[in-house]
Amino acid sequence: MMKIWGRKTSSNVMKVLWLCDELGLPYERIDAGGAFGRTKEPFYLAMNPNSVVPTLEEDDGYTLWESNVILRYLVASRAPGSPLHPAEPRARADVERWMDWQQTALNAPMVTVFFTWVRLKPEERDMAAHDKALAQLGHLLGMVEKQLAGKDYVCGAFSLADICLGITIHRWFALPITRPALPNLAALYERLKQHPGYMAHVAVPLA
Ligand SMILES: N[C@@H](CCC(=O)N[C@@H](CS)C(=O)NCC(=O)O)C(=O)O
């Protein structure tokens, strides 16, 4: 059975677990990263030299890292033709730009805000950096708010873009922060909560 290495509190692991639920894929998850360690051990570095989670390991020994690439690989290998990752070039590019944007633009400010409230002790917090990151997050999520006008999901139909953005959206609504009103984003959050895989793996208590 396919193995997914990574602690379940990692947002990048969450994406992969949620997609597995969406596609009905069986897997074995093995704790790694954070307090579980393992990621600096030689066997793990041979699979993933970045020493981060998640890592996917197939029965035949094939391994893959980078969560968004794992998402694309799982659709291509298990559910080719799925609307989660459309084949038509522009529809695919639309999904992929939001996936990449989540990694390259949205992730850094969310990590700062999330760590401030959930992972750091009060004396370790840099509230000036938090406030700057929070303002940036509000700005970026305002772009998602506009994109969602007249749509149920980020690219119209439910796709890998929603799976990538969904991890940030849960943290945005669950953290004890002051949020600008983003009604389309709030409606998307409610829609995502109708997905059992989102409730099981993503919309969980912050840890
Ligand atoms: N771009 C990578 C980032 C992976 C990453 O930074 N993972 C974090 C958890 S979300 C990690 O492994 N942190 C160190 C640890 O958990 O030990 C991906 O999307 O897979």
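Preceding block: the structure.
Summarised in this report is the structure supplied together with it. Computed from a prediction, not measured in an experiment: that's the story for all the values here.

1. Section: the sheet that holds strand E2 (residues 28–30)
Logical step 1: Ordered by their spatial adjacency, four strands build an open sheet running E2-E1-E3-E4, and the pairing between neighbours is mixed. Of all the strands in the sheet, the pair left with one neighbour each is E2 and strand E4 (63–65). Strand-to-strand twist across the sheet, computed as the mean angle between neighbouring axes with direction ignored, equals 20°.
Logical step 2: Taken together, the three bridges between strand E1 (residues 3–5) and E2 define a ladder with parallel strand orientation. By the bridge assignment, Ile4 is partnered in E2 with Arg29.

2. Quick word on the nonpolar core
Logical step 1: Among the nonpolar cores identified, the biggest contains 48 residues, and Val16, Leu71, Trp98, Leu160, Ala161 and Cys164 are the most heavily contacted of them.
Logical step 2: Those elements that place two or more of their residues in this core are E1, helix H1 (11–23), helix H3 (67–78), helix H4 (89–119), helix H5 (127–147), helix H6 (160–174) and helix H7 (183–192).
Logical step 3: With eight residues, H6 is the single largest residue contributor to this core.
Logical step 4: Each of domain 1 (3–78) and domain 2 (89–195) accounts for three or more of the residues forming this core.
Logical step 5: When sequence neighbours within four positions are dropped, the list of residues in contact with Leu160 reads Leu71, Arg72, Leu84, His85, Val95 and Met99.

Analysis parameters
Residue indices begin from 1 for each chain and proceed along its sequence in written order. For a predicted model such as this one, the threshold for reporting local features is a pLDDT of at least 70, and the threshold for listing and counting side-chain atom pairs is 80 or more; totals across whole chains, interfaces and linings nevertheless cover every residue. At least two bridges found by DSSP between two strands is the condition for calling them paired. A helix here means a DSSP run of H or I that spans at least four residues, while a strand means a run of E at least two residues long, and both kinds are numbered starting from the N terminus. Interaxial angle, 0 to 180 degrees, is taken between N-to-C directions of lines fitted to C-alpha atoms, where a helix line uses only the stretch in contact. Defined on buried residues, the nonpolar core groups Ala, Val, Leu, Ile, Met, Phe, Trp, Tyr and Cys residues joined through C-beta atoms within 7 Å. Field definition: a residue is buried when 20 or more other C-beta atoms are found within 10 Å of its C-beta, exposed when 12 or fewer are, and partly exposed for counts in between, with C-beta atoms placed from the backbone. Where each domain starts and ends follows an automatic or database-derived domain assignment. Our contact criterion uses C-beta atoms placed from the backbone: two residues qualify when those atoms are within 7 Å.

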